[in-house]
Amino acid sequence: MKVHEYQARSLLEEAGVPVPASKVVENVADAVAAHESMGGTVVVKAQVFAGGRGKAGFVKLCQTPDETRQAAEFMLTNRMVSKQTGPEGAAVKKLLVAEAVEIDKEYYVAVVLDRAKRRSVVMVSREGGVEIEEVAANTPDAIHKEWIHPHLGLLGFKTARLVNALGLTEKDQVKGATRVINGLAKIFAQCDCSLAEINPLVRTKDGRILAIDAKMNFDDSGLFRQPKLREMYDPSEEDPNELRAKEHGLSYIPLDGNIGCLVNGAGLAMSTMDIIKLHGGEPANFLDVGGSVSTEGATEAFRIILADSKVKGVLVNIFGGIAKCDTIAEALITAAREVGFNVPVVVRLEGTNVERARELIAEANIEQLITADDLADAAKKVCAQVA
Ligand code: GDP
Ligand code: MN
């Protein structure tokens, strides 16, 4: 699960990380009113899940309420397109109006999971701001890492090393950065984060250490014990197809190609995508109906896959174990009748009740439905259909 910057900021504040005062608004008038009540210069920031807002013109310093009016109007009526959104961009429904700060230097601080080391890692860099991806790619040495002990947490000497790596020596700034790093590590552990990032952490011209942007992702598997985070959930920011899939206990992953994949099981999904690529195709998505799928669930799966306009052909690859092939066949037939197949659907079924499934499909006599003998045959057929 992701949250907005303003929600991440509130978690930071609770953990003792200093953040400039701000207000969330949903219309231009409230943005202007927020500026008037704060006075001075503010920064107007689009609240969307994707980053790269600064470069896209969706983080704007505004000196007067009139500038805030213009910035708010622009952001609420244009979709934000950045490296992280794809060409379709993201609609902006909320804005953060925050007191602007005068920046002396921008830093980067983040906690992520290091899967190889099987522990969490804190990363800091003096090269914070909007180009951190390039820093990581071109000068990885400019990022300093310290790992968090699974039982003892972030040890004091490690925090000190991180602060030192930021090049901070002035007493109050060392104290400030120590609070920020410890606060972020605490949030990461207590909130079941998969990412907790402050970019940039800044030193202001008057020497204060402040977080002026925050990004947090949470492990969905931990949400059952995170009631406060569950309240922050904003379904309007999610991909509507992913939401529909979730509601039906299906997992749906959108990709860039043009072949939709309906499979049961994550391993089968991976091998299905591999074999499609081997035969020159590109998957548009995969939808995993899981082990114990119902006819309704599988029908919904077809609806979701066929709703994607990128999909020019579908490969159904089911290995019937707990999920029986005849259930999938029934779903296929229901979907064909209810939704209608607007593209060719290649089907490879194997396993429990496969004979019955083949009979059902043959009897239904559905146009656009192509049966395959085995997986290689199925991949070849679907690739030929979309070529
Ligand atoms: P992102 O581009 O989506 O990561 O949005 P950020 O909130 O990180 O803002 C992008 C950039 O805008 C920052 O790196 C800063 O350089 C600048 N910025 C953001 N807030 C302020 C502010 O209060 N004062 C000044 N001077 N610059 C700011
Ligand atoms: Mn940022």
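The structure we're discussing is the one just above.
Cut-offs used in this document
Residues numbered from 1 in each chain as written. Chains lettered and ligands numbered in written order. Predicted model: local features only at pLDDT ≥ 70, side-chain atom pairs only at ≥ 80, totals over all residues. Heavy atoms only, no water. Near = heavy atom within 4 Å. Polar contact = N/O pair within 3.5 Å; in protein donor to acceptor, adjacent residues only side chain to side chain. Areas by Shrake-Rupley, 256 points an atom, 1.4 Å probe, with all protein chains shown as cover. Nonpolar A, V, L, I, M, F, W, Y, C, P; charged D, E, K, R; others polar. Pairing = 2+ DSSP bridges. Helix = DSSP H or I, 4+ residues; strand = E, 2+ residues; numbered from the N terminus. Core = buried A, V, L, I, M, F, W, Y, C linked by side-chain atoms within 4.5 Å. Buried < 20%, exposed > 50% of the residue type's maximum accessible area, 1.4 Å probe, protein only. Contact = heavy atoms within 4.5 Å. Axes fitted to C-alpha atoms, helices over the stretch in contact; angles between N-to-C directions. Donors = N, O, S within 2.8 Å, 3.2 Å for Na, K, Ca; no water. Parallel < 35°, antiparallel > 145°, perpendicular 65-115°, else oblique. Left-handed = near helix turned anticlockwise from the far one by under 90°. Phe/Tyr/Trp six-rings, centres within 6.5 Å; stacked < 30°, edge-to-face > 60°. Lys NZ or Arg CZ within 6 Å of the ring centre and 35° of its normal.

Caption draft 1: Molecular detail of the site of ligand 1. Taken together, 18 residues lie around ligand 1, and Lys-45, Arg-53, Gly-54, Val-101 and Glu-106 are the ones closest in. Within the side chain of Lys-45, one N or O atom sits 2.6 Å away from an oxygen atom of ligand 1. Measuring from a nitrogen atom of ligand 1, one finds a backbone N or O atom of Val-101 at 2.8 Å. Isolated, ligand 1 exposes 570 Å² of accessible area, and the fraction of that covered by the protein chains is 84%. Grouping the constituent residues of the shell around ligand 1 by class yields nine nonpolar, five polar and four charged.

Caption draft 2: Structural detail: the pairing of strand 5 (residues 103-114). Strand direction decides the pairing type here: strand 5 and strand 8 (residues 193-204), joined by eight bridges, are antiparallel. Residue pairing in the sheet places Lys-105 in a bridge with Arg-203 of strand 8. Between strand 5 and strand 6 (residues 119-125), which pair antiparallel and follow one another directly, the connecting turn spans four residues, one of which, Arg-118, has a positive phi of 55 degrees.

Caption draft 3: Summary view of the nonpolar core. Grouped together as the largest cluster of nonpolar side chains are 40 residues, with contacts concentrated most on Leu-12, Met-216 and Phe-218. The element best represented in this core is helix 7 (residues 171-190), accounting for seven residues. Non-local contacts of Met-216, meaning those with residues more than four positions away in its chain, are made with Met-1, Lys-2, Val-3, Ala-8, Leu-11, Leu-12, Leu-184, Ile-187, Leu-195 and Ala-196. If you look at the next biggest cluster of nonpolar residues, it comprises 36 residues, including Ile-304, Leu-306, Ala-364 and Leu-369.

Caption draft 4: Here's a closer look at the sheet that holds strand 16 (residues 369-371). Strand order in the open sheet formed by six strands is 11-13-12-14-15-16, and the pairing between neighbours is mixed. Among the strands making up the open sheet, the edge pair consists of strand 11 (251-254) and strand 16. Averaged over all neighbouring strand pairs, the angle between strand axes comes to 20 degrees, with direction disregarded. In this fold helix 14 (residues 375-386) packs onto strand 12 (259-263), strand 14 (313-320), strand 15 (345-351) and strand 16, with an angle of close to 165 degrees to the strand it touches most, strand 14.

Caption draft 5: The sheet that holds strand 3 (residues 59-62), seen in detail. Strands sit in the order 1-4-2-3 across an open sheet of four strands; the sheet is antiparallel. Both edges of this open sheet fall to strand 1 (22-25) and strand 3, since each of them pairs with a single strand only. Between one strand and the next, the sheet's axes are offset by a mean angle of 20 degrees, whatever the strand orientation. With five bridges connecting them, strand 2 (residues 42-46) and strand 4 (residues 95-99) associate as antiparallel partners. Looking at the pairing, Ala-46 lines up with Leu-95 of strand 4. The sheet contacts of helix 2 (residues 28-38) involve strand 1, strand 2, strand 3 and strand 4, and relative to strand 1 the element is tilted by about 165 degrees. Against the sheet, helix 4 (residues 65-77) contacts strand 2, strand 3 and strand 4, and its axis sits at roughly 165 degrees relative to strand 3.

Caption draft 6: Representation of the coordination of the manganese ion (ligand 2) in the model. At this site the manganese ion (ligand 2) is bound by Asn-199 (O) and Asp-213 (OD), with donor distances of 2.2 Å. Taken together, the residues Asn-199 in strand 8 and Asp-213 in the loop between strand 9 (209-211) and strand 10 (215-218) connect sequence positions 14 residues apart. Residue Asn-199 shares its accessibility class with Asp-213, and that shared class is buried.

Caption draft 7: Just the side chain of His-35, in detail. Its location among the elements puts His-35 in helix 2. A distance of 2.6 Å separates a polar atom in the side chain of His-35 from a polar atom in the side chain of Thr-68. Setting aside its immediate chain neighbours within four residues, His-35 contacts Gly-40, Val-42, Cys-62, Gln-63, Thr-64, Pro-65, Thr-68 and Val-97.

Caption draft 8: Quick peek at the packing of helix 12 (residues 325-338) against helix 13 (residues 354-364). Relative to each other, helix 12 and helix 13 sit at 20 degrees, their axes nearing to 7 Å. If you check the angle between helix 12 and helix 13, you find them roughly parallel. The chirality of how helix 12 crosses helix 13 is right-handed. Residues Cys-325, Asp-326, Ala-329, Glu-330, Leu-332, Ile-333 and Arg-337 of helix 12 form the contact with helix 13, whose participating residues are Val-354, Arg-356, Ala-357, Leu-360, Ile-361 and Ala-364. Among the residues forming the contact of helix 12 with helix 13, the class breakdown is nine nonpolar, no polar and four charged.

Caption draft 9: Up close: the pairing of strand 4. In terms of burial, strand 4 is largely enclosed, as four of its five residues are buried. When strand 1 meets strand 4, the two strands line up antiparallel, connected through four bridges. Residue pairing for strand 4: Val-24 is matched across the bridge by Leu-96.

Caption draft 10: Highlighting the environment of Ala-323. Following the sequence through the fold, Ala-323 ends up in the loop between strand 14 and helix 12. It is 23 Å that separates the C-alpha atoms of Ala-323 and Ile-259, two residues lying 64 residues apart in sequence.

Caption draft 11: Region of the structure containing the packing of aromatic side chains. Scanning all chains against the criterion turns up two aromatic pairs. Here Phe-58 and Phe-74 contribute two aromatic rings whose centre-to-centre distance is 5.2 Å and whose plane-to-plane angle is 45 degrees, an arrangement assigned as tilted. Placement of Phe-58 in the loop between helix 3 (53-56) and strand 3 and of Phe-74 in helix 4 is noted, with a sequence separation of 16 residues between them. Judged by its relative accessible area of 2%, Phe-58 is buried. Relative to Phe-341, the ring of Phe-302 has its centre 5.9 Å away and its plane inclined at 40 degrees; by these criteria the two rings are tilted. On the criterion of sequence distance, the pair formed by Phe-302 in helix 11 (residues 295-307) and Phe-341 in the loop between helix 12 and strand 15 is long-range, its members being 39 residues apart. Of the two residues, Phe-302 and Phe-341, both sit in the buried class. The ring of Tyr-107 is capped by Lys-105, whose NZ or CZ atom sits 5.5 Å from the centre of that ring.

Purely geometric numbers; function is a separate question.
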